[in-house]
Amino acid sequence: MRVSILLATIVSGCALAPSPATATAGGTGKPAYRDASLPVAQRVEDLLARMTVDDKIGQMTQVERTEPASPADLAQYRIGSVLSGGGSAPTPNTASSWADMYDSFQSAALSTPLGIPMIYGADAVHGHNNVRGATLFPHNIGLGATRDPALVRRIGRATAEEVSGTGVDWDFAPCLCVARNDRWGRTYESFGEKPELATAMTTMITGLQGQSLGGSASVLATAKHYVGDGGTTGGKDQGDTRLSEARLRALHLPPFKDAVAKGVGSVMVSYSSWNGARMHGSHYLITDVLKKELGFKGFVVSDWAAIDQLDGQKDFTGAEISTAINAGIDMAMVPYEYPRFIGLLREEVAAGRIPMSRIDDANRRILTKKFELGLFEHPFTDRSWTSTVGSAAHRQLAREAVRKSQVLLKNASAALPLRKSAKVFVAGKSASDIGNQSGGWSITWQGAGGAITEGTTVLQGMRAAASDPSRVVYDRYGVGIDGSYDAAVAVVGERPYAEFEGDRQDGMGLDAEDLATLARLKASGVPVVVVLVSGRPLDVSARLSDWKALLAAWLPGTEGGGVADVLYGDYSPTGKLPVTWMRSADQQPINDGDGKPSLFPYGYGLSYGRARGGVGTHVTAVANDGGTR
Ligand code: GLC
């Protein structure tokens, strides 16, 4: 059947008649699936029996919010899920307009004959980062440095409250990738280079979902990206992870096993390949391992337009759709051209290339999570949570996380902590830049420098901590420094990026602006403290001897005051490296136990009281001056 005729069939709504009406709840006339007192499994079966093939295909289709010509389109095509791609926000970008947008899509979904609520997904990967004014927490690499799973659970809960306040009920987080090569642009989305770190931080799932789905502000979590995304050759994003099955299972599978055990509601498949075979086509890893061996009962979602990549050509085809759905993918993040997608999927089912049993299994998984989330009973935004977006309490929690994520790598002559009465010269492109300190996935997909949202810069935090803020002088480039200052603090590092845009296949050093600023500070003879705002270790060996102290701040998010807490000694640093710090970029990949001589080993971190090694590291006690290694 030609797609156009097919579409006419769908659009006209004269889809195949549903199977015979099934039970009503206790003779109330209300269909059983609408009776919340019945077991979820029974409600699912009742609903499934009432659904047409087009209803079922629609449930497996996720579209980007900008794609439907109007929310009414959702009803015509029976769309089961909508998402915001990175940075895709309503105008104005406020929590309440997000909630209005969500409710408008939901009203359309509920207007269909069976009234199945849609589920709305977004990347709240370090707080509800698409929403202006939301609290942005440190990115995962900084949370890995805290070694504090309970803190990560609390962050998950705070994130769930802000996400719920905007209507969104599905978070494409946590990323449980194990970053093995710091050249990878998504290193900062990882909790670190060892599987046990990501496994420990699956507490994020419990924070987001609650002990079980459906409680107040409960949001569906997503374990991503399954599996081996952080292990690609050369750290190439969406590249090829060439490992034996034993090594893949040892390095990259454990966090997903723990996520399943914690009841994660969804799993997102990785763009990457395993030994040359695209993950999105892997029946063995998705169905045999994830669903059968690990017992995953939630639903599997593809990554953004990832199905299109299966044949190495642009756009998706019926054959690619069959490969992905038959591999075990339950919902397709299409996200554009959904009428064509639905037409092709309908054709594949009609031709028997996708068995109806697979369509029903996908629907059972999706509907089970919608029932468990309570979407049938509470389909609209719970506006009681909207005021939590960017709340003081959440910002305090974020500041605590920033403090605990700071890793002190060098502290010669006890340059830190600064005296609050000290005369300090602050320089660097990231000292007064919320955008730089937040990194990628912040208001926009790639993030950007500048005043992108509300928060506290490192400089603002320092001035608030100092006894006389006028003695904290700032020039981005270090112009004006002289010998009258007690110390110079250079806040330098990386500009924001996300995904493949952040891959660094060449040098991993500081950029020209930072180097020029640092040279100016060095020339003054004033002791230099470097605060590195970056998504990964950078190649700083050659410069380290110029600096009295080095603090890895990672990507702290909106609460730069947490960095000042450490700089001024209101908090003695406790952070430990979640990744091995290279001596030079050509050592990549460099990981604990591989025998390569690092600049700072995994688990390394100093405090003001004494040198500290991390659990399971080889670092020995070092003099408080940190010394150069
Ligand atoms: C992106 C990312 C994934 C994200 C998805 C939706 O390409 O790979 O992490 O959840 O698309 O934005």
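Residues numbered from 1 in each chain as written. Predicted model: local features only at pLDDT ≥ 70, side-chain atom pairs only at ≥ 80, totals over all residues. Heavy atoms only, no water.

Undergrad: I'd like to hear about the environment of Leu551, residue by residue, with values.
TA: With respect to the helices, strands and loops of the structure, Leu551 is situated in strand S17 (residues 549–552). Take Leu551: its relative accessible area is 0%, and that puts it in the buried class. For the pair formed by Leu551 and Glu372, sequence separation is 179 residues and the distance between their alpha carbons is 44 Å. Leu551 has contacts with Gln406, Val407, Leu408, Val530, Val531, Leu532, Val563, Val566 and Leu567, leaving out every residue within four places of it along the chain. (Helix = DSSP H or I, 4+ residues; strand = E, 2+ residues; numbered from the N terminus. Buried < 20%, exposed > 50% of the residue type's maximum accessible area, 1.4 Å probe, protein only. Contact = heavy atoms within 4.5 Å.)

Undergrad: Talk me through the sheet that holds strand S7 (residues 266–269); I want residue IDs and the actual numbers.
TA: An order of S5-S7-S10 is seen for the three strands of this open sheet, with the pairing classed as parallel. Of all strands in the sheet, those with a lone pairing partner are strand S5 (222–226) and strand S10 (299–301), marking the two edges. Across the sheet, the axes of successive neighbouring strands diverge by a mean angle of 25 degrees, strand direction being ignored. In this sheet, S10 lies alongside S7 in parallel orientation, the contact comprising three bridges. Looking at the pairing, Val267 lines up with Val300 of S10. (Pairing = 2+ DSSP bridges. Axes fitted to C-alpha atoms, helices over the stretch in contact; angles between N-to-C directions.)

Undergrad: Explain the pattern of salt bridges residue by residue, including any values.
TA: Overall, the coordinates contain 42 salt bridges when judged by the stated rule. Among the salt bridges present, the one from Glu348 reaches Arg353, with a minimum N-O distance of 2.7 Å. Since its relative accessible area comes to 46%, Arg353 is described here as partly exposed. Within this structure, Lys429, Arg476, Arg495, Asp511, Glu513 and Asp514 form a network of salt bridges that share partners. (Salt bridge = Lys/Arg side-chain N within 4 Å of Asp/Glu carboxyl O.)

Undergrad: Describe the pairing of strand S2 (residues 81–84), listing the residues and the values that go with them.
TA: Burial along S2 is two-sided: the face carrying Ser81 and Leu83 and the face carrying Val82 and Ser84 are both buried. Examined bridge by bridge, strand S1 (residues 61–64) and S2 share three bridges and lie parallel to one another. Residue pairing for S2: Gln62 is matched across the bridge by Ser81. The parallel pair S1 and S2, bridged by helix H4 (residues 71–76), forms a crossover whose chirality is right-handed. (Right-handed = clockwise from strand over helix to strand, strands pointing away.)

Undergrad: Describe the environment of Ala75, with residues and values.
TA: Within the fold, Ala75 resides in helix H4. Taking the C-alpha atoms as reference points, Ala75 and Ser107, separated by 32 residues in sequence, lie 9.3 Å from one another. Setting aside its immediate chain neighbours within four residues, Ala75 contacts Ala108, Ser111 and Thr112.

Undergrad: Describe the UniProt feature "domain: Glycoside hydrolase family 3 C-terminal" (unreviewed entry) in the protein chain, and please don't skip the residues or the numbers.
TA: Mapped onto this numbering, the UniProt entry annotates "domain: Glycoside hydrolase family 3 C-terminal" (unreviewed entry) at residues 407–608. In residues 407–608, helix accounts for 18% and strand for 15%; the two terminal C-alpha atoms are 11 Å from one another. (UniProt positions renumbered as here; feature names shortened; annotations may be inferred.)

Undergrad: Summarise the environment of Asn129; cite the residues concerned and give the values.
TA: Its location among the elements puts Asn129 in the loop between strand S3 (119–122) and helix H6 (140–146). Since its relative accessible area comes to 0%, Asn129 is described here as buried. The spatial distance from the C-alpha of Asn129 to the C-alpha of Ala553 is 19 Å, given a sequence separation of 424 residues. In contact with Asn129, not counting residues within four places along its chain, are Asp123, Ala124, Leu136, Trp441, Ser442 and Ile443. A polar side-chain atom of Asn129 sits 2.7 Å from the main-chain amide nitrogen of Val125. In terms of polar contacts, Asn129 uses its side chain to reach the backbone amide nitrogen of His126, at 3.2 Å. (Polar contact = N/O pair within 3.5 Å; in protein donor to acceptor, adjacent residues only side chain to side chain.)

Undergrad: Which residues make up the packing of aromatic side chains, and what are the values?
TA: Counting across every chain of the model gives 15 aromatic pairs. Relative to Tyr120, the ring of Tyr102 has its centre 6.2 Å away and its plane inclined at 55 degrees; by these criteria the two rings are tilted. Remark: Tyr120 occurs in strand S3 and Tyr102 occurs in helix H5 (residues 95–110); sequence separation between them is 18 residues. Within the aromatic cluster, the residues linked to one another by ring pairs are Tyr33, Phe371 and Phe376. In this arrangement the basic side chain of Arg147 is found over the ring face of Tyr602, its NZ or CZ atom lying 4.9 Å from the centre. The side chain of Lys224 reaches across the aromatic face of Trp441, ending 5.8 Å from its centre. (Phe/Tyr/Trp six-rings, centres within 6.5 Å; stacked < 30°, edge-to-face > 60°. Lys NZ or Arg CZ within 6 Å of the ring centre and 35° of its normal.)

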